[in-house]
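Spelled out from the first residue to the last, the chains are:
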Amino acid sequence: MEEKDHKRLGSVSGLPEELGIDADLGRAQQRLVVRHDTRRYGKPVTVVDGFDLDVTALKPVASELKRRLAVGGSVADGRIELQGRHDGRLRQALDDLGFVVAD
């Protein structure tokens, strides 16, 4: 009698972890808030807040957003700060990455 391979099931979806569905569902369940702020000398900054990710998981997301928008930015206190004012393109980029932006 052979042993069956028991695959690990995801805690969110109940499907095999190798499918990566839990990561997608986890992103879709987060409600992000995009707001604008000004920094020194009146420079505009776009802040994306509401992530349920730790800093190590947030840095690749920030890098991808900076690459897509061709801007500088940083990760601080669980949020992403991007140089400049970004609305439509940022929302589209977050949507492409599987995140939902609250209105």
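Residues numbered from 1 in each chain as written. Predicted model: local features only at pLDDT ≥ 70, side-chain atom pairs only at ≥ 80, totals over all residues. Heavy atoms only, no water.

With that settled, the discussion passes to the pairing of strand β3 (residues 73–76). Pairing of β3 with strand β4 (residues 79–83) involves four bridges; the strand directions are antiparallel. Counted as the bridge partner of Ser74 is Glu81 from β4. (Pairing = 2+ DSSP bridges. Helix = DSSP H or I, 4+ residues; strand = E, 2+ residues; numbered from the N terminus.)

The subject of this paragraph is unusual backbone geometry. If you check the backbone angles, Ala70 has positive phi at about 55° while not being a glycine. The phi torsion at Asp77 lies on the positive side, around 55°, for a residue other than glycine. For Asp77, the position within the fold is in the loop between β3 and β4. Judged by relative accessible area, Asp77 falls into the exposed class, the value being 71%. (Buried < 20%, exposed > 50% of the residue type's maximum accessible area, 1.4 Å probe, protein only.)

Okay, the nonpolar core next. The nonpolar side chains of a soluble globular protein tend to be buried with one another. Val48, Phe51, Leu65, Ile80, Leu90 and Leu94 are the most contacted members of the largest nonpolar core, which totals 18 residues. Those elements that provide at least two residues to this core are β1 (31–38), α2 (55–69), β4 and α3 (88–96). The biggest single contributor to this core is α2, with five residues. With near-sequence residues (within four places) excluded, Leu90 lies in contact with Val34, Thr46, Val48, Leu65, Leu69 and Leu82. (Core = buried A, V, L, I, M, F, W, Y, C linked by side-chain atoms within 4.5 Å. Contact = heavy atoms within 4.5 Å.)

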